[in-house]
Amino acid sequence: MANERTFSILKPDATRRNITGAVNAVIEAAGLRIVAQRRIRMTREQAEKFYEVHKERPFFGELVEFMTSGPVVVQVLEGENAVAKYREVMGATNPAQAADGTIRKQFAESVGENTVHGSDSADNAKIEIAQFFTDADIAA
Ligand code: GDP
């Protein structure tokens, strides 16, 4: 698999606990390069659009509340097989099920407040990156 990009979010539980640098260290140690990064406050509209696929899920309201509850860091990560690699480094959605050494095992507080987002496919990565970054924002 060639060099690839994925979209990442360090969620409000990470900014609140001041552990964005610690999470970035795990990302970089895994061989992923942070080629764009911006700290923002997500609007309700942005969060609802971003998580639109989960609109019918019972936790949708809670998820939008959480994602707008504090600053987040949006990122573009680049590397060999970046989409799958970052999913592996993140660990399972529920930290109780996440493997040792993963970000969620080390840092996540619950299934909802689970520290990081990572795209689940290369196609979704393109869509998600385009929601927050232009080509000019990315320095690879
Ligand atoms: P991911 O791809 O591993 O992030 O997981 P999903 O796509 O299934 O879910 C998206 C996000 O919704 C997760 O990362 C959680 O922040 C949140 N989420 C998923 N399941 C639950 C749940 O049962 N309760 C709550 N409150 N949030 C959830």
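Since the structure is predicted, the reported quantities are computational estimates derived from the model, not experimental observations.

What follows concerns the side chain of Thr6. Among the secondary structure elements, Thr6 is positioned in strand β1 (residues 3–10). Residue class for Thr6 comes out buried when judged on its relative accessible area of 0%. Residue contacts for Thr6: discarding those within four places in its chain leaves Gln75, Val76, Leu77, Ala82, Val83, Tyr86, Ser119, Ala125 and Ile129.

A separate point is the packing of aromatic side chains. The relative placement of two aromatic rings is captured by the distance of their centres and the angle of their planes. For the structure on display, the rule yields five aromatic pairs. A centroid spacing of 5.4 Å and a plane angle of 10° characterise the contact between Phe7 and Phe132, whose relative ring orientation is stacked. Within this pair, whereas Phe7 is found in strand β1, its partner Phe132 is found in helix α7 (residues 122–132), the two being separated by 125 residues in sequence. Judged by its relative accessible area of 0%, Phe7 falls in the buried class.

The feature "binding site: ATP" (unreviewed entry), as annotated in UniProt, sits at Lys11, Phe59, Arg87, Thr93, Arg104 and Asn114 in this numbering. Considering only the annotated residues already named, the ones lining the largest pocket are Lys11, Phe59, Arg87, Thr93, Arg104 and Asn114. The topology assignment puts Phe59 in the loop between α3 (44–50) and α4 (60–67). Exposure remark for Arg104: the relative accessible area of 5% places this residue in the buried category. Arg104 has contacts with Lys11, Met90, Gly91, Ala92, Thr93, Pro95, Ala98, Asn114 and Val116, leaving out every residue within four places of it along the chain.

Attention now goes to the site of the ligand. Every residue lining the ligand is accounted for by Lys11, His54, Phe59, Glu62, Leu63, Arg87, Thr93, Arg104, Val111, Gly112 and Asn114. Between the ligand and Gly112, the relevant distance is 2.8 Å, taken from an oxygen atom to a main-chain nitrogen or oxygen of the residue. Protein contact buries 79% of the 550 Å² of open area that the ligand shows by itself. Grouping the amino acids of the shell around the ligand by side-chain chemistry returns three nonpolar, four polar and four charged.

Let us now look at the nonpolar core. The nonpolar side chains of a soluble globular protein tend to be buried, and buried together. Ranked by internal contacts, the top residues of the largest apolar core, which has 21 residues, are Phe7, Ile9, Met42, Met67, Val74, Phe132 and Phe133. Listed by contribution, the elements that provide at least two residues to this core are β1, β2 (33–40), α3, α4, β3 (72–80) and α7. Take this core: its biggest share by element is five residues, from α4. Excluding residues that lie within four positions of it along the chain, Ile9 makes contacts with Met42, Phe50, Met67, Val72, Val73, Val74, Thr115, Val116 and His117. The next biggest cluster of nonpolar side chains, apart from the first, holds 16 residues, and it includes Val23, Leu77, Met90 and Ile103.

Parameters and conventions
- Residues numbered from 1 in each chain as written.
- Predicted model: local features only at pLDDT ≥ 70, side-chain atom pairs only at ≥ 80, totals over all residues.
- Heavy atoms only, no water.
- Helix = DSSP H or I, 4+ residues; strand = E, 2+ residues; numbered from the N terminus.
- Buried < 20%, exposed > 50% of the residue type's maximum accessible area, 1.4 Å probe, protein only.
- Contact = heavy atoms within 4.5 Å.
- Phe/Tyr/Trp six-rings, centres within 6.5 Å; stacked < 30°, edge-to-face > 60°.
- UniProt positions renumbered as here; feature names shortened; annotations may be inferred.
- 1 Å grid on protein atoms, 1.4 Å probe; cavity = no way out; pocket = protein on both sides within 12 Å on 5 of 7 lines; lining within 4 Å.
- Near = heavy atom within 4 Å.
- Polar contact = N/O pair within 3.5 Å; in protein donor to acceptor, adjacent residues only side chain to side chain.
- Areas by Shrake-Rupley, 256 points an atom, 1.4 Å probe, with all protein chains shown as cover.
- Nonpolar A, V, L, I, M, F, W, Y, C, P; charged D, E, K, R; others polar.
- Core = buried A, V, L, I, M, F, W, Y, C linked by side-chain atoms within 4.5 Å.

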